[in-house]
Amino acid sequence: MKKRVLLFNPPPAVSEQPIIRNLFCSSVPKGKYLYPPYDLISISGVLSDPDIEISAYDAMIRDRTAQDSLEYALKFKPGILILQTTNLTFHTDQVVTRLIKEKTGCRVLGFGNNLYYSPEKALKENPWLDGILLDHMGPAPLCFVRGSAKDVPGLVTTDNSPGFDPFKNFANPIEYSVPRHDLFEYDHYRLPQSKHAKVAHVTTSYSCPFPCEYCPASNFEYRLRRPASVLDELEK
């Protein structure tokens, strides 16, 4: 039986603007722009496996609500939910995610800036989380889905050995299969360069090579994606 994985970008709080959650950072979009969930797109490529069925639900688009999210999850019946969150919205993200977990029995793997910097503490304070993802472009998401989640670089679970450092040995360079762009509703994203034609997001590198103190990117190792992996995605 295939493992069913739901990639979940939760809805904004009631009466609040959409939130852009990407690259372990969050922001309120300027004007009417609304960007795709780049990290979830990459994860859909990492999870490319014939034994895994993936679905994506971006509740930041089409005025979707927590109830809409729950109803979608009940229809899909995920065994695992991968939650993209942030410190700006964690108070509401966890409400809908915990409800989905309660109703479906799924395991939850969370990632976001609020979970990244003290993952062991965050896992202890939020026992409804089954794991915390630190590297969404390496093998960690696939290992978690397959059930081999102990001592995996970029992954924090209660199974990790004492003294294991999950921040070491991230995948570098980055390499993953062609993401499932078909799962993401590009017609509902609003980008300055997509007014007259469809566009899709393709990751070629992660973070930034410059150590600017005012920018959070300096907290993350700069990594390039293998050219062959990028070309394969562009061609398809």
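Every value quoted in this text rests on a predicted model; they were computed, and no experiment measured them. (Residues numbered from 1 in each chain as written. Predicted model: local features only at pLDDT ≥ 70, side-chain atom pairs only at ≥ 80, totals over all residues. Heavy atoms only, no water.)

Undergrad: Explain the layout of surface pockets here, please?
TA: Summary: where empty space remains is shown by rolling a probe the size of a single water molecule over the atoms. The volume enclosed by the second largest pocket comes to roughly 160 Å³. If you go around the second largest pocket, you meet 11 residues; those closest to its centre are Pro 11, Ala 66, Thr 92, Val 95 and Val 96. The biggest single contributor to the lining of the second largest pocket is helix α3 (residues 90-104), with 4 residues. Across the lining of the second largest pocket, the residue classes break down as 9 nonpolar, 2 polar and no charged. (1 Å grid on protein atoms, 1.4 Å probe; cavity = no way out; pocket = protein on both sides within 12 Å on 5 of 7 lines; lining within 4 Å. Points joined across faces, edges and corners; volume = space filled by probe spheres on them. Helix = DSSP H or I, 4+ residues; strand = E, 2+ residues; numbered from the N terminus. Nonpolar A, V, L, I, M, F, W, Y, C, P; charged D, E, K, R; others polar.)

Undergrad: What exactly am I supposed to notice about the pattern of salt bridges here?
TA: Scanning the entire structure with this criterion turns up 11 salt bridges. Here Glu 185 and Arg 62 are joined by a salt bridge, their closest N and O atoms 2.7 Å apart. Here Arg 62 lies in the loop between β4 (52-58) and α2 (66-76) and Glu 185 lies in the loop between β8 (155-156) and β9 (205-206), a separation of 123 residues in the sequence. The residue Asp 135 makes a salt bridge to Arg 223 at a minimum N-O spacing of 3.0 Å. Here the residue Asp 135 occupies a position in the loop between β7 (131-133) and α6 (140-146), and Arg 223 occupies one in strand β10 (residues 223-224), the gap between them amounting to 88 residues. Here the two residues Asp 135 and Arg 223 agree in accessibility, since each one is buried. (Salt bridge = Lys/Arg side-chain N within 4 Å of Asp/Glu carboxyl O. Buried < 20%, exposed > 50% of the residue type's maximum accessible area, 1.4 Å probe, protein only.)

Undergrad: Just checking my understanding: could you explain α2 for this structure?
TA: Residues separated by three or four positions in an α-helix point in the same direction, a consequence of the helix having 3.6 residues per turn. Listed as buried for α2 are Ser 69, Leu 70, Ala 73 and Phe 76. Buried residues of α2, seen end-on, are gathered within an arc of 130 degrees and therefore sit on one face of the element. In this fold, the buried residues of α2 make contact with β1 (3-9), β4 and α3. Looking one or two places after α2, you find Lys 77, whose phi comes out positive at around 55 degrees. (Arc of directions from axis to C-beta. Contact = heavy atoms within 4.5 Å.)

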